Structure formats: C-alpha cells, structure tokens
Amino acid sequence: MLERISPAIAANRFGLGARPGELAQIGSQPRDWLVAQLSGAAPLLTGPELYTSADTLSRGLEVRRALRAAKREAAKADSDDKANAVAAVMKIGQVYRPIYIAEAIARLREGVTTDRPFVERLTYFWTNHFAVSIDKNLVLGLAGSFEREAIRPNVLGHFSDMLLAVERHPAMLLYLDNHLSVGPHSRAAGLLERRRGNQRRLGINENLARETLELHTVGVGGGYTQADVTTLAEVITGWSIGGEGGGRLARGIPGEFLFRPEVHEPGAKVVLGKRYADTGYEQGVAVLKDLAAKPATAHFIATKLIRHFVADDPPPRAVERVAKVFLSSHGHLPTVYRALVESREAWDQPLAKYKTTNDYILSTLRGLQLPADRGRASLAAFEVMGQRTYSPGSPAGWPDRSADWDGASALIKRIEWADAVGQRVGSRIDAKELAPQLLGDNLAGATRAAIARAASGAQAITLMLSAPEFMRR
Amino acid sequence: MRTLKRRDFLQVGALALGGAFLTARLALARTGTSRSRFVFIIMRGALDGLAAVPPYGDPDYAGLRRELALKTPGTPGGALPLNGFFGLHPSLGFLHDSYAAQELVVFHAVSSPYRERSHFDGQDVLENGTLQPHAVQTGWLNRALASLQVEHGKEVGVALGQNIPLVMRGPASVTSWSPSKLAALDDDTLERITDLYAGDPLLASRLADALAADAIAGAVNGAAGAAPVQRGKPTRYTEVVRAAAGFLRRDDGPQVAVFDTTGWDTHANEGNAEGQLAGRLAALDAGLRTLKDELGGAWADTAVLLATEFGRTVATNGTRGTDHGTATAAFLLGGAVQGGRVIADWPGLSSRSLYQGRDLKPTADLRSVLKGVLSEHLLVSTSTLESSVFPDSTNARVVKGLFRS
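Residues numbered from 1 in each chain as written. Chains lettered and ligands numbered in written order. Predicted model: local features only at pLDDT ≥ 70, side-chain atom pairs only at ≥ 80, totals over all residues.

1. Points about the overall build of chain A
Reasoning step 1: Within chain A, the secondary structure is distributed over 25 helices and 4 strands.
Reasoning step 2: At 25 Å, chain A has a C-alpha radius of gyration in line with the 23 Å of a compact globule built from 473 residues.
Reasoning step 3: Over its C-alpha atoms, taken along the principal directions, chain A stretches across nearly 80 × 60 × 40 Å.
Reasoning step 4: Counting the 473 residues in chain A, one finds 53% classified as buried.
Reasoning step 5: Here the contacts in chain A between residues at least 6 apart in sequence split such that 71% fall between residues at least 24 apart. (Helix = DSSP H or I, 4+ residues; strand = E, 2+ residues; numbered from the N terminus. Rg over C-alpha atoms; globule rule 2.2 N^0.38 Å. Buried ≥ 20, exposed ≤ 12 C-beta atoms within 10 Å, placed from the backbone. Contact = placed C-beta atoms within 7 Å.)

The structure is reproduced here in structure tokens:
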C-alpha cells in the first residue's frame, strides 16, 4: 500500500483538528509541518488569572488553618453555634474551584487557538501519563498549575527532567499521599514514638512509589517486585511540601517542594537490583534518573505513544523503533516525537483512532472557530460528554482505546451536543464549504452528500459533526 | 446465621451437587431466565474488606488495625454484628438489615486470581475473567450473556454510564445509558444520521443501541407517576440506581445492569466508624437501599453482586490509611439470594497467616462466587462457564446454594 502522507492526518491525528485553512497551509509536507512545531520553547500558559501552585497552596493552608481554629472554637460552644462557626469559614473547595475553572478555560482557549496543536496534544498526552485527578479535593486547585509547571516546560525537553519535575510537584505529592509518608526509622518517627508511646505508628505510604514504577516509568510488567515498591517508598520519604503539617513541621516556603530530612528513612537502599547510598534527597533523584533510562521505561512510553498516535493495538515494530530512539537519545523527547512522525504506521491507516471527548470538543471548536471564552458554559460540554477537564479519576489517566470512548450513550451525547452547536452557528457557517477544509481527503462521499441534502444550515453542521470521519482521527 | 469454615464451604458444594441444586435449577428453569435480574457493581480502587467487614473476633485485628479498628458491636460506633466473629461497618445499615432478612451473603478472604497490586491490572482481571490482565478484550459477564437464548435484537444488558466497562464488552448485545442534560434530537436529523452510519457498523449499532435504551428510559420516565417518591436526600448514587431499576423492572428490558463506584483507594486518613471510608460506604448503602425500593416487586428476582479488584494491607500504613493488598470481602444481595450467612474460610491475621507477610490471605476464588451466581441465577450452563466465561477456572469450585429455590 502506498503511503498517504495526508494533511488531514497531520491536523486531526497529530494536531487537535483542522481550523479552516490549516490543511492548505500544511500543504504537501505534513511531516515538516509537525516537526517544525517541535522547535523553540514550548508555550507556557500564563495569565493574570493563573496562579502558581505555591500561591494556591499557601492560600489553601490559610483556609485550612482558619477552619481548624473554627473547629476548636466550635468544640467549646454549644451545638447551634458549633455549626455556625464552622460554616462561616470558607471551605477549601470555594478557594480552589474558581482557580480550577480559570485553569480549565485557559487550557481550552490555548487548545482552540494554538498554531502548534501537535505540541498541545503532546502536553495532554503527558499530563495524562502523569495523571492527577481533581476528584481528590486537594488537587482541584493544583491540576492546572501542575500541567503548567511540571509538564509544559519539559514537553520539548528530556523525559528524566519531566519525571523529576512531576514527582516533586506538590500536586503529585498530595495526590498520591507522599507528603505524609514517614520513614519508620527516621528521626521524626523515633522522636514521636518516644513521646507518644505506641499510640500512632508513623510509617511509609507506598502510593506514589508504586505508581512511579507502574504508571510513570517501567510499567506494570517492568520487572519490579513488592520489595522494590516498598524500598522506593522509603527512598522518597521526606519528599514533601513546605508549610504542611502543624507546629515545627510547618516550615519551608509554603506550597513549594521541601525535602524533610527528619522523616527520610535512613540508610542505603536497593531498588531494582541497584544499591543507592543514603544521600538524602539525592538518593531519590538518582533512582528516578535510572528509572528514566531503563529499557522497560522506553518500551512502556513508546507503547503508549504509538497507541495514542497510531492504533489501539500498537504495531510492535513501530514500538520497537520508537523505544530504540528513546534510549539512544537519552529520552530527548523531540527526537522521540520525530521518530513517531516518521513512522510509516502513523500514516497507514487514517481514522484508526476514535476521538476522546476532549478531542471531539476541541476539533469542533477549532473547526468552527468558536470562541472558548464562554466561561463555565464551555466547560460544561466536557462534563456532559464524560471527560471533565483534569478528572481522569485515577492515576492511570484517561484510557486511550476506542472501546473506552465509543459507548452508545457517549455517542448520542456527542450527537446531541453537535445538534446544539449546529443550532448556534448553522445560520452563519456553511458546512458544505467547511467540511472539505476540516476533513480533507478523509471526507466521505456519503457525508458530503448528506450535508448537501440537509434540510437546514443547522442540520448540515450537525451531520458534519456526527459523521463517522469526524468521530475519529 | 453462621460462618462457614473451609470444611463447610466444601460440604455445601457437595450437598448442592447431590440434589438440592438440581431441584433449584429446575424450578428456576420453569419460570424462565427472563425474570432473573442481576446487578454487578464494581468497586474500583480496592475496597478495604477489613473495614467493610471487620473480623472483630480475630485476636490480631485490633492491634494491627490500630486507629482504623472498629469497636465491637454494642459499643458506640461499633461494628454491626453478623455472627459473633464478623461484623459490618456501622455505615452499612441497609446491608445489615438485609442480612437479618436473609437477603445478604457476605464473602470474606476472597480474591480474583490476580496476585499483584496494580489497580488497573487487577480491575482488568476482575472484569475479563481470565488469569491474566489484558488477556482478552471481552468481559466474563458479556460472554455469559452471549450464551443465553434471547430474542433477536433485544438488549440483555445495560451499563449505567456513557461507555461500557470491560466486564460487559463482547459478543452479546449490550448498551450504555446515562441521563442527558441536552435537548432531544428531532427525528429527521436522527434518521439522516442513521443513514450516514449505514456504512459504519460500529457507529450504526451504537446509535441503534442508544435509541433503544432511550426508548426504554423514556417509557420509564414517562410513567413518572409510578416512580416511588424519594425519601430523604438524594445520594451520589441515586440517579444511577434509579436508572438501573428503571431498566430492570420492565419485563421487556435488559436483565443485567452494571455500574461503577469509585473512591475506595484509601491510602491516607481512611477513618474508622467515621471519616472518609465511612462516608463512601454510607453513600453506597443508601444507593443499595434506593435500588431495592425502586425495583419494587422485581427485587424478589434480583441479585446484586459487589466486588472489588483486591483488598488492602492488614496493618495501617504511615498515613492512617492502607496500601494495596490481596484478599478482601464481596457481597451478594437481593430478594433472590439465600442470605443471612458469612461464607469465609478465615485464614486469620496472625503474622504467619498473612499473604506475603502483609495482606489478608485469599482462601477462596471470587470466580467461584461468580460462577455460582451465573449458574444458579442466570442459568448459564456449566460447560459455558468452564469454557468461555471463566477459562482455566476448574480449580475455582462453584459455590452452590446461594439462591432461594
């Protein structure tokens, strides 16, 4: 079969859906269009409404402190006053929710307007690979800044740098509970045990260590054991956040990463057969660096990339090729992406991937050039169609296979939403003219005919957005 | 009410094989499979079985669980008594009532064949019914449904959610349904989209399924006067449970419903009689109560199975929570269930009885329970169970006698 290096594949599979005129702009060299997006610094989303994680967390700390104080007061009061006193304090969600909304809107706006949609898609890919989820309340105000601080600056850098930025980011530490994890033989544990007797045992929490191995680096088949999980958890005891905890613990810059030597489990440790001397914080950095360079990691990342950009069942040869490049480039991501773009398999089968809800909404808004500034109304579409921004629900992230997105109920919701969009723009946008500009050579004759025969401009838009080739990329 | 120890567990199996089981099967067969309803609730995130079903009678329980330990029944905030050894978490009032009404069987120290500690692989094995994660792309429940004789074109199962979870994916015709907040489409547009999908088998069948499900749901909501009035505050599961009941209580609707519950991954600040997990369990308990209420008369023909991918560590971790473990508890509930029993071959919590020195040791295979439900409730044949539904499961002996005859 002849390779079909189609602009429509570049725009829809690698990008976020064509905007009018984009396919023409891509022209005859779709690979060049993609590779060109990889040079220069990755765009960092900024704006007056976007706060750093540290800012958000210090505001959160103040609120939590006030709430604790109110509860203490309330404990003394009688029961009526009790409820009032606590209710009077602003809840953490009230602080975090507007921050979350501002972040989600900024992200949406960037996705709809960017000229480097490939980089944006890669950003989503990594945010999903290193997933945090806002259904944990503490993460609600941090998911957006996590992406801006840990993912975006590294999306065109090295994997090992992104890994380190992620594992020490407060959002990840909070999401997977590491900020509270205490080495059982650490100074803090010893002190507390003497003071409180045997009341409360301090110890490790292995959540972040497990997901670092299983989801972030070598993958579930990557050859680690329960002992490796436990030991890695000990290695990263002390990776915490400034300002957290009461009394003397509340030191460091509020909301910034803080290594707390007093809770770090002392001693040399063996992870995946290699011994790491006790160098405090650096011990964890050393393990992460080694994990980033493992062949298993290269294979795991390559598999996920190929699944995302080629097919639900990744062709093994393409995986092998990309994994090799990952290793030989020492995880230099633009080099890896280039290998991906150059894979024949990525261009072989058009429309092999079913769009996620995020893909579907963004490609619609881009294609129709709809503004993403309708605030919460724009975000509601994500929720209705089952992919509320930053809420994958688990550290594994959103799934990336057709069967996870092509349910009957999910489909009818897309069509209903497409219909609402059609009603909104049908009088001013001509689907007949637009469809070839968005779908290029993916546009099927049946779709073209259906659009031409539509009873109204609105219905024509609905049909275009419901077409099989618009559901896929 | 009694606990079954290992020997009893086997005895029940042998007895059932002898005769009682055959009678039950014939009786059910006469009424036809179409009246049996089954709801499978996946508890994603690894439910702490030792918190949901505390073995307060085990001498090691309180010491290992420390601040997470539940008090003995009869004390404030104490466990709800089951049989003198096991209790239920105090948030599970409805389940406790069901136990008393002999409509609940509690299983303990059970697990799927999966022995690692990844949520995602664990859930995959729980749903795919094989020994390995990602071994197949279909689910055991769907494969079981595929073996049943059903009217052509009729949906036998419904997933309450936008997409279909793995356990329900496969050859049998199933659908997914979730309430819509969008305006309905006009018939003309729908017809044109149906035409547009003529060349796309996947989208064509999905659209047809969606319209069929909407028709059923619409008819249910259309008869709004018949829907019982909700008592108290709606919980997080009210909507999904009402929808499930709406599908199941119709004679021409799907027979099997599946939905997910989440939030069981309690690594930190799990709580005991109160706290994080207590809140989740209370919401689940309220959801199950609503399900019974909404099913009305159909409850008598219903079995609800709640299962999770694996359990959690026996000892608390350093952050007042528990990490990923192995064996856990499961629940079988409903008017069709021969309940009021805890079925467990209790391995004990002493350090040498723990699995890998940290987890509750599995002494029963969850597939034994699932096979019992499928064979006696949905009348799936033994050969189908052993060959296509749960391949390589001959060691997982069917638990018999779980249903009223």
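Text resumes after the structure shown.
2. Focus: the overall build of chain B
Reasoning step 1: Scanning chain B from N- to C-terminus turns up 12 helices and 12 strands.
Reasoning step 2: In chain B, which comprises 405 residues, the share counted as buried stands at 58%.

3. Observations regarding the interface of chain B and chain A
Reasoning step 1: Each partner contributes to the interface: chain B provides 47 residues, whereas chain A provides 48 residues.
Reasoning step 2: Of all the secondary structure elements, the ones that give two or more residues to the side of chain B that touches chain A are α5 (119-128), β7 (174-177), α7 (187-196) and α8 (201-222) of chain B.
Reasoning step 3: Looking at the side of chain B that touches chain A element by element, the count peaks at 7 residues for α8(B).
Reasoning step 4: By residue class, the composition of the side of chain B that touches chain A is 15 nonpolar, 19 polar and 13 charged. (Nonpolar A, V, L, I, M, F, W, Y, C, P; charged D, E, K, R; others polar.)

4. Observations concerning the confidence of the model for chain B
Residue and element names in this part refer to chain B.
Reasoning step 1: With 86% of its residues at a pLDDT of at least 70, chain B reaches an overall mean of 86.
Reasoning step 2: Every residue in residues 1-33 scores below 50 in pLDDT, and together they form 45 contacts with partners more than four places removed in sequence or on other chains.
Reasoning step 3: Per-residue pLDDT stays below 50 along residues 222-232; that stretch engages in 3 contacts with residues further than four places along the chain or on separate chains.
Reasoning step 4: Both scores are available for the predicted complex, with the pTM at 0.85 and the ipTM at 0.91. (pLDDT = per-residue confidence, 0-100.)

5. Examining the domain arrangement of chain A
Reasoning step 1: Taken domain by domain, chain A comprises domain 1 (158-310 + 313-348) and domain 2 (357-471).
Reasoning step 2: Distance between the C-alpha centres of domain 1 of chain A and domain 2 of chain A: 37 Å. (Domains from an automatic or database assignment.)

6. Here we look at the packing of helix α22 (residues 431-439) of chain A against helix α24 (residues 457-466) of chain A
Relative orientation and spacing of two packed helices are given, respectively, by the angle between their axes and the distance between those axes.
Residues and elements named next belong to chain A.
Reasoning step 1: Closest axis-to-axis distance for the α22/α24 pair is 10 Å, and the angle between their directions is 20°. Classed by the angle they form, the pair α22 and α24 counts as roughly parallel. The chirality of how α22 crosses α24 is right-handed. In this structure, α22 uses Ala-431, Lys-432 and Ala-435 to contact α24, whose residues at the interface are Ala-460, Ile-461 and Met-464. (Axes fitted to C-alpha atoms, helices over the stretch in contact; angles between N-to-C directions. Parallel < 35°, antiparallel > 145°, perpendicular 65-115°, else oblique. Left-handed = near helix turned anticlockwise from the far one by under 90°.)

7. Quick word on α22(A)
Residue and element names in this part refer to chain A.
Reasoning step 1: Along α22, the residues that are buried comprise Ala-431, Leu-434, Ala-435, Leu-438 and Leu-439. Around the axis of α22, the buried residues are gathered within 110° of arc, so they sit on the same side.
Reasoning step 2: Packing partners of the buried residues in α22 comprise α1 (7-14), α19 (357-367), α23 (445-452), α24 and α25 (468-471).
Reasoning step 3: Just downstream of α22, Gly-440 is the residue with a positive phi angle, here 50°. (Arc of directions from axis to C-beta.)

8. A closer look at the nonpolar core
Reasoning step 1: One finds Val322(A) and Ala244(B) to be the most contacted residues of the largest nonpolar core, which totals 256 residues.
Reasoning step 2: Per element, the largest residue contribution to this core is 8 residues, and it comes from helix α21 (residues 408-425) of chain A.
Reasoning step 3: Shared between two domains, this core takes at least three residues from each, and those domains are domain 1 (158-310 + 313-348) and domain 2 (357-471) of chain A.
Reasoning step 4: The contacts of Val322(A), once residues within four sequence positions are left out, are Ala302(A), Leu305(A), Ile306(A), Val336(A), Ala339(A), Leu340(A) and Ser343(A). (Core = buried A, V, L, I, M, F, W, Y, C linked by C-beta atoms within 7 Å.)

9. A word on the pairing of β7(B)
Residue and element names in this part refer to chain B.
Reasoning step 1: Neither face of β7 is left uncovered, since the one carrying Val-174 and Ser-176 and the one carrying Thr-175 and Trp-177 both have all their residues buried.
Reasoning step 2: Two elements, strand β6 (residues 157-160) and β7, share 4 bridges in a ladder whose sense is parallel. Along β7, the bridge assignment pairs Leu-160 with Trp-177. (Pairing = 2+ DSSP bridges.)

10. Let's talk about the environment of Gly57(B)
Residue and element names in this part refer to chain B.
Reasoning step 1: Examined against the element boundaries, Gly-57 turns out to sit in the loop between α2 (49-52) and α3 (61-65).
Reasoning step 2: Owing to 14 C-beta atoms within 10 Å, Gly-57 belongs among the partly exposed residues under this scheme.
Reasoning step 3: Between the C-alpha atom of Gly-57 and that of Phe-85, which follows or precedes it by 28 residues, the distance is 4.4 Å.

11. Thoughts on the pairing of strand β9 (residues 302-308) of chain B
Walk down a regular strand and you will see the side chains alternate between the two sheet faces.
All names here are of chain B.
Reasoning step 1: Most of β9 sits inside the fold, with 7 of its 7 residues counted as buried.
Reasoning step 2: Burial of β9 is two-sided: the residues Thr-302, Val-304, Leu-306 and Thr-308 facing one way and the residues Ala-303, Leu-305 and Ala-307 facing the other way are all buried.
Reasoning step 3: Examined bridge by bridge, strand β2 (residues 37-43) and β9 share 7 bridges and lie parallel to one another. Residue pairing across strands places Ile-41 opposite Leu-306, the latter belonging to β9.
Reasoning step 4: In this structure, β9 lies alongside strand β10 (residues 328-333), joined through 3 bridges in antiparallel fashion. Note on β10: the bridge partner recorded for Leu-306 is Phe-331.

12. Describing the packing of α23(A) against α7(B)
Reasoning step 1: Contact geometry for α23(A) and α7(B): axes closest at 10 Å, N-to-C directions at 160°. When the interaxial angle is binned, α23(A) and α7(B) end up roughly antiparallel. Classified by chirality, the crossing of α7(B) by α23(A) is right-handed. Along the contact surface, α23(A) presents Ala446(A), Thr447(A) and Ala450(A), while α7(B) presents Arg192(B), Asp195(B) and Leu196(B).
Reasoning step 2: Split into classes, the residues belonging to the contact of α23(A) with α7(B) amount to 3 nonpolar, 1 polar and 2 charged.

13. Regarding the environment of Ala352(A)
All names here are of chain A.
Reasoning step 1: Tracing the backbone through its elements, the reader meets Ala-352 in the loop between α18 (345-348) and α19.
Reasoning step 2: Between the C-alpha atoms of Ala-352 and Arg-13, which are 339 residues apart in sequence, the distance is 9.1 Å.
Reasoning step 3: When sequence neighbours within four positions are dropped, the list of residues in contact with Ala-352 reads Val-310 and Ala-311.

14. Describing helix α8 (residues 143-151) of chain A
Residue and element names in this part refer to chain A.
Reasoning step 1: Within α8, 9 of the 9 residues are buried, leaving the element largely enclosed by the surrounding structure.
Reasoning step 2: Those residues of α8 that sit buried are Ala-143, Gly-144, Ser-145, Phe-146, Glu-147, Arg-148, Glu-149, Ala-150 and Ile-151.
Reasoning step 3: In this structure, the buried side of α8 is in contact with α4 (53-76), α6 (92-113), α7 (117-129), α9 (159-167) and α10 (170-175).

15. Here's the deal with unusual backbone geometry
Residue and element names in this part refer to chain B.
Reasoning step 1: Unusually for a residue other than glycine, Asn-269 sits at a positive phi of about 50°.
Reasoning step 2: Topologically, Asn-269 is positioned in the loop between β8 (256-261) and α10 (276-295).
Reasoning step 3: Positive phi outside glycine occurs at Asp-392, with the angle close to 60°.

16. What about the environment of Ala296(A)?
Residues and elements named next belong to chain A.
Reasoning step 1: Looking at where Ala-296 falls in the secondary structure, it is placed in helix α15 (residues 295-309).
Reasoning step 2: When the C-alpha atoms of Ala-296 and Ile-451 are compared, they prove to be 48 Å apart, with 155 residues separating the residues in sequence.
Reasoning step 3: When residues no more than four places from it in sequence are discounted, the contact partners of Ala-296 are Val-218, Gly-219, Gly-222 and Gly-223.

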